[in-house]
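Fold and geometry: a report
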Number of protein chains: 2
Amino acid sequence: MSTSTRERIMEAARLTVQDLGYGGLSFRELAKEVGIKSASIHYYFPTKGELVVAIVRRYIERHEAFLDDLFIESVDRGVLVGHYTEMYRRTLRNGNRMCLAGMLSAERNELPEDVRAEVVRWGEMNERWLVGVLASEDGGNGDGGDADRTRHRARAIFAAVSGAQMIAHGRNEIAAYDDVIAAYRASGLLP
Amino acid sequence: MSTSTRERIMEAARLTVQDLGYGGLSFRELAKEVGIKSASIHYYFPTKGELVVAIVRRYIERHEAFLDDLFIESVDRGVLVGHYTEMYRRTLRNGNRMCLAGMLSAERNELPEDVRAEVVRWGEMNERWLVGVLASEDGGNGDGGDADRTRHRARAIFAAVSGAQMIAHGRNEIAAYDDVIAAYRASGLLP
DNA sequence: ACCTGAACACCGTTCAAGT
DNA sequence: ACCTGAACACCGTTCAAGT
């Protein structure tokens, strides 16, 4: 059996949102790609918001699983963060796309409330994973002050990598991403 | 005499793009704000792209003048970069808006070519100013290798601050911006 | 010089109707 | 269970027509 209509809608929608954003996602264009009429999409996803909530949820799940797998394979912080920045780099490689949640983060003010909540969840997942990575070589027994500093550094790495991707996306220039990541490492922001 | 119609179109359009993005800018809504009909906007700006090119150009000019004035008042890198991050913070304070060019950077793939070019110009202006700031206390006589390192660090600061703004915008949470900027400083990325 | 209504091909959404 | 055409109020853009 081949991929379900529902799956094909979600996959095509995800690629379009990462390319053109929430506002750039058209039900009529989407329907053409899938081979049905635009009214039929509403059978699977009543509104555009519900469709995008579904694709962001799955996006978070899959990337969380990917990152957790990396964590099992290595405990070297430099290696793990290197895989992390490579993940964001691959998105740019794939048709100058942006992270799904990064794109939606910029469009936040025109999103339905439930989509906004998923954008926040993406950030929380990233920060949680980075906290684990940053603590992995310290024995993990720092006092409360250290935990706060680690959390803020994790959020800073998430924001900085997201920003590097946005700037490189805006220029359609992967070299810009690479230069910025290298400079983050040189400054000590990235381990 | 009061503000011209053309000025009022540009000001309202800028505020909307920083709020809802290029895709979220509607000529009909814009016309209502200015008190004319949507067809009349095309008299001043034939297309949406030409309108946005005009507002980004002025945005760049005004921020460049603002930053250059700061540079005359101080040569302390910490103080100057502090003013720089405050500038991006004020945008968030003003109705959770994003930097005009940052918003457009995310929307890049659905922009006309001439708008894309202005987004690149914004980045070049930011980098140029930051290079001046970073070099200001070194005597400015580094060799070629230093100049390259300074340029990459300037671009990294630009990307990192833009990313902090995007993440805070996505959460509608200024405290997130403040925490990330503080962590950049602690890591040594920001002077 | 400045503004407008009407038309065009788009958009998300709804709904009655088909199989 | 799954799909559709037609309608609705939106969108940027064009253009002939008004003052």
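The coordinates are above.
Presented here is an overview of the structure given in this document. Quantities reported herein were computed from a predicted structural model and do not represent experimental measurements. (Residues numbered from 1 in each chain as written. Chains lettered and ligands numbered in written order. Predicted model: local features only at pLDDT ≥ 70, side-chain atom pairs only at ≥ 80, totals over all residues. Heavy atoms only, no water.)

Considering the protein's contact with DNA strand D
Counted only if it meets this: Here, proximity means that at least one heavy atom of the residue falls within 4 Å of the molecule or strand. Under this definition, polar contacts are N or O atom pairs within 3.5 Å; protein pairs additionally need one hydrogen-donor-capable and one acceptor-capable atom, and for neighbouring residues in sequence, both atoms have to be side-chain atoms. Secondary structure follows DSSP: runs of H or I at least 4 residues long count as helices, runs of E at least 2 residues long count as strands, and numbering of each begins at the N terminus. Side-chain classes follow a simple rule in which Ala, Val, Leu, Ile, Met, Phe, Trp, Tyr, Cys and Pro form the nonpolar group, Asp, Glu, Lys and Arg form the charged group, and the remainder, Gly included, forms the polar group.
The full set close to DNA strand D counts 15 residues, and Tyr44(A), Leu25(B), Ser26(B), Phe27(B) and Arg28(B) are the nearest of them. Counting only the atoms of DNA strand D that lie within 4 Å of the protein, the sugar and phosphate share comes to 60%. With respect to DNA strand D, the backbone of Lys37(A) contributes an N or O atom lying 2.8 Å from a phosphate oxygen. Contact distances for DNA strand D include 2.9 Å between a phosphate oxygen and a side-chain N or O atom of Ser40(A). Ranked by residues supplied to the surface near DNA strand D, first place goes to helix α3 (residues 38–44) of chain A with four residues. Here the residues of the surface near DNA strand D sort into seven nonpolar, four polar and four charged.

A look at the interface of chain A and chain B
Where we set the bar: By the convention used here, residues are in contact when the closest approach between their heavy atoms is within 4.5 Å. Accessible area, probed at 1.4 Å, shrinks when two parts are joined; the buried area is that loss added up over both. Definition used for salt bridges: Asp or Glu carboxyl oxygen within 4 Å of a side-chain nitrogen of Lys or Arg.
Each partner contributes residues to the interface: chain A has 43 residues there, and chain B has 43 residues. Of the roughly 3,500 Å² buried between chain A and chain B, counting both surfaces, carbon and sulfur atoms make up 59%. At the junction of chain A and chain B, the tally comes to four salt bridges. With a closest N to O distance of 4.0 Å, Glu173(B) and Arg155(A) form a salt bridge. Broken down by secondary-structure element, the contributors of at least two residues to the side of chain A that touches chain B are α1 (5–20), α6 (100–106), α7 (113–135), α8 (144–171) and α9 (174–187) of chain A. Its residues placed into classes, the side of chain A that touches chain B shows 18 nonpolar, 15 polar and 10 charged.

A look at the protein's contact with DNA strand C
In the vicinity of DNA strand C lie 16 residues, with Leu25(A), Ser26(A), Phe27(A), Arg28(A) and Tyr44(B) positioned nearest. Taking all atoms of DNA strand C within 4 Å of the protein, the share assigned to sugar and phosphate is 59%. With respect to DNA strand C, the side chain of Ser40(B) contributes an N or O atom lying 2.9 Å from a phosphate oxygen. Here a phosphate oxygen of DNA strand C and a side-chain polar atom of Tyr44(B) are 2.5 Å apart. Sorting the residues of the surface near DNA strand C by element identifies α2 (27–34) and α3 of chain A together with α3 (38–44) of chain B as the ones contributing at least two each. At four residues, α3(B) tops the list of elements feeding residues into the surface near DNA strand C. Residues that form the surface near DNA strand C fall into these classes: seven nonpolar, four polar and five charged.

Here we look at the packing of helix α4 (residues 48–73) of chain A against α7(A)
Between two packed helices, the angle of one axis relative to the other and the distance separating the axes together describe the packing. Residue and element names in this part refer to chain A. Here is the rule we go by: In this analysis an axis means a line fitted to C-alpha atoms, helices contributing only their contacting stretch, and an angle means the value between N-to-C directions, from 0 to 180 degrees. Small angles under 35 degrees read as roughly parallel and large ones over 145 as roughly antiparallel, with 65 to 115 read as roughly perpendicular and the rest as oblique.
Axis separation between α4 and α7 bottoms out at 9 Å; the angle between their running directions is 5°. As the angle between them shows, α4 and α7 are arranged roughly parallel. Listed contacts from α7 to Gly49, Val52, Val53, Val56, Arg57, Tyr59, Ile60, His63, Glu64, Leu67, Asp68 and Phe71 of α4 are Asp114, Val115, Glu118, Arg121, Trp122, Met125, Arg128, Trp129, Gly132 and Val133. Split into classes, the residues belonging to the contact of α4 with α7 amount to 12 nonpolar, three polar and seven charged.

What about the state of the cysteines?
The cut-off we apply is this: Two cysteine sulfur atoms form a disulfide, by the criterion used here, when they sit within 2.5 Å. Under the scheme applied here, a residue whose accessible area is under 20% of the maximum for its type counts as buried, over 50% as exposed, and between as partly exposed, the area being computed with a 1.4 Å probe on protein chains only.
The final tally for this structure, using the stated rule, is zero disulfides over all chains. Free of any disulfide, Cys99(A) has its nearest neighbouring cysteine sulfur in Cys99(B), separated by 19 Å. Residue classification places Cys99(B) among the buried positions, given a relative accessible area of 4%.

Any link to function would need more than the numbers given here.
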